[in-house]
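If you want the building blocks of each chain, they are given just below.
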Amino acid sequence: MKMTENILAEIRKNIRRAKKSEFYKKHFADIHPEDIKTEADFRKLPFTDKEDLRNAYPLGLAAVPEERIVRIHSSSGTTGTPVIIPYTRKDVLDWAKMFKRCYEYAGITSKDKIQITPGYGLWTAGIGFQLGAELLGAMALPLGPGNTDKQIKMMIDMGTTVLTATSSYALLLAEEIERRGIKNRIKLKKGVIGSERWGKKMRARIADELGVELYDIYGLTEIYGPGIGINCMHDSAMHMWSDYMFYELIDPATGKRVKQGERGELVITTLQKEGAPLIRYRTHDLTREVPGDCACGSEHPRIAAIDGRSDDMVKVKGTVVYPSRVDELLSGVDGVSSEYQIMIDHMNGKDIVTVYFETPRPTHEERGALEKTVEREFKAAVGMTPKAKAVGMGELPRSEKKTPRIFDNRY
Ligand code: ZN
């Protein structure tokens, strides 16, 4: 994203605010906001990573007195200490404004009925979708996750027009609607899907089976939550709200900025956040900047859909395996569906990699041929031959949150 004098001034203000927190008092002890005069000065500032936020538990990130904090959220840590993000009243309102803008970019209006299936509670997802819907004046149906029977009943009885979900749960609902043969009773027009890495095949299946237009909404709890960016009707790239944040793309290994248009890790600096301002926060989400103007006329810059994480690769037999690479290679194999799982086991002193994939093809012969093709394509794309196992449609587990793809059972 392009740096301007205005943004630099906002960043100086942000650093001043941030340095009121215990965390940045230490992390930025030798940094003085007035010294940040150019983009080069800014790019010398240290990054902030999730581990730093964990170490600031519980309220080391708070940059305002406790009486100004109106809410906290917590990001899901798979291991150890959670991260607590405090919000002021302005932060909560800003988040709702950004979310409303997301809905507007997706062409959603006050006439829509928005069914919210992401979770409520410490997790930021559900409540963000709801605040945005209410500010827009649409009807929110706050179901939260799970209970597929009730989801479908509400969808039919209330005439839901917009489904908000993770891609995994949207797929589960789409398959269930297809299975029950009730597509003609569903009035869905649009799906707003929390952005995570999801392959082209999965997207096409959800769009086809539900008969909806899909929008990728981006966000993370550390930076408000979902709703800090979304794609518009004209393109699949996501507009990022440049009045609330400055973003950069860096090489995850070196921390240096990547060349224009190259893939890198998204790093975000908040510009208006009060409760927990963040400077150069590493999201670990991989994407690239999309240059040029969008046909919609928006001035907010764009990034491509997230296509991986800089920390979700695994190393097997000296080879690095990225789930995004596997998505890509499987989407090129005819007869293989979007759902797969990779199991890594250690047996008799050797690492064993098994790729399970779903296929609609029923016969033993057809499946055997597909397994051979997947093994060959995997070797060509990843550099190592796995054991491929075909299973029927719907046999691999679906998740209401993000569906894990790689299971490393070696340790
Ligand atoms: Zn646009």
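Conventions used here
Residues numbered from 1 in each chain as written. Predicted model: local features only at pLDDT ≥ 70, side-chain atom pairs only at ≥ 80, totals over all residues. Heavy atoms only, no water. Domains from an automatic or database assignment. Contact = heavy atoms within 4.5 Å. Polar contact = N/O pair within 3.5 Å; in protein donor to acceptor, adjacent residues only side chain to side chain. Helix = DSSP H or I, 4+ residues; strand = E, 2+ residues; numbered from the N terminus. Nonpolar A, V, L, I, M, F, W, Y, C, P; charged D, E, K, R; others polar. Buried < 20%, exposed > 50% of the residue type's maximum accessible area, 1.4 Å probe, protein only. Pairing = 2+ DSSP bridges. Axes fitted to C-alpha atoms, helices over the stretch in contact; angles between N-to-C directions. Salt bridge = Lys/Arg side-chain N within 4 Å of Asp/Glu carboxyl O. Expected span 1.5 Å × (residues − 1). 1 Å grid on protein atoms, 1.4 Å probe; cavity = no way out; pocket = protein on both sides within 12 Å on 5 of 7 lines; lining within 4 Å. Points joined across faces, edges and corners; volume = space filled by probe spheres on them.

Participant: An account of the domain arrangement of the chain is needed here, citing residue identities and associated values.
Facilitator: Partitioning the chain into domains gives domain 1 (1-311) and domain 2 (314-408). Here domain 1 and domain 2 have C-alpha centroids that lie 30 Å from each other. Contact with domain 1, which involves 20 residues of that partner, is made by 20 residues of domain 2. Across the domain 1-domain 2 interface, the total number found is six residue pairs in polar contact (both at pLDDT 80 or more). Of all the secondary structure elements, the ones that give two or more residues to the side of domain 1 that touches domain 2 are helix 8 (167-180) and helix 9 (200-210). In terms of residues, the side of domain 1 that touches domain 2 owes the most to one element, helix 8, which gives five residues. Its residues placed into classes, the side of domain 1 that touches domain 2 shows seven nonpolar, five polar and eight charged.

Participant: Can you break down the pairing of strand 1 (residues 69-75) residue by residue, with the values?
Facilitator: Most of strand 1 sits out of view: five of its seven residues are buried. With six bridges joining them, strand 1 and strand 2 (residues 83-88) adopt antiparallel strand pairing. What sits directly across from I72, in strand 2, is P86.

Participant: An account of the sheet that holds strand 19 (residues 406-408) is requested, with residue identities and associated values reported.
Facilitator: Through backbone hydrogen bonds, the strands of a sheet pair up, either in parallel or in antiparallel fashion. Strand order in the open sheet made by the four strands is 18-17-16-19, with mixed pairing throughout. Of all the strands in the sheet, just strand 18 (387-392) and strand 19 have a single pairing partner and so form its edges. Shown here is a sheet whose adjacent strand axes are inclined to one another by a mean of 20°, direction ignored. Here eight bridges tie strand 16 (residues 340-347) to strand 17 (residues 350-359), and the two strands are oriented antiparallel to one another. In the strand pairing of strand 17, M343 is matched with T354. Packed on one face of the sheet, helix 10 (residues 323-331) meets strand 16 and strand 19 and runs near 125° to strand 16. Each of strand 16, strand 17 and strand 18 touches helix 11 (residues 364-382); the most contacted strand, strand 18, lies at about 135° to it.

Participant: Mind laying out the pattern of salt bridges, listing which residues take part and the relevant values?
Facilitator: Considering all chains together, one arrives at 30 salt bridges under this definition. Between K100 and E104 there is a salt bridge, with its nearest N and O atoms 3.2 Å apart. You can see K100 and its partner E104 sitting in helix 5 (residues 89-105), four residues apart, about one turn around the helix. On the basis of relative accessible area, E104 is assigned to the partly exposed category, the value being 39%. Linking D112 and K189 is a salt bridge whose minimum nitrogen-to-oxygen distance equals 4.0 Å. Of this pair, D112 sits in the loop between helix 5 and strand 3 (113-116) while K189 sits in the loop between helix 8 and strand 6 (190-194); the two residues are 77 residues apart in sequence, bridging distant segments of the chain. A relative accessible area of 6% means that D112 is categorised as buried.

Participant: Mind laying out helix 8, listing which residues take part and the relevant values?
Facilitator: For helix 8, spanning 14 residues, the distance from its first C-alpha to its last is 20 Å, which sits close to the expected 20 Å at 1.5 Å a residue. Judged by how many residues are buried, helix 8 sits mostly within the fold: eleven of 14 residues are covered. Looking only at helix 8, the buried set comprises S167, S168, Y169, A170, L171, L172, L173, A174, E175, E176 and I177. Elements that come into contact with the buried residues of helix 8 comprise helix 7 (148-158), strand 5 (162-166), strand 6 and helix 9.

Participant: How would you summarise empty space enclosed by the protein if you had to cite specific residues and measurements?
Facilitator: According to the stated counting rule, one finds one cavity of 30 Å³ or more in the structure shown. Reported here for the largest cavity is a volume of approximately 90 Å³. Going through the elements one at a time, helix 9 and helix 10 are the ones with two or more residues in the lining of the largest cavity. Residues of the lining of the largest cavity, tallied by class, amount to four nonpolar, four polar and four charged. Counting the residues that make up the lining of the largest cavity, at least three belong to each of domain 1 (1-311) and domain 2 (314-408).

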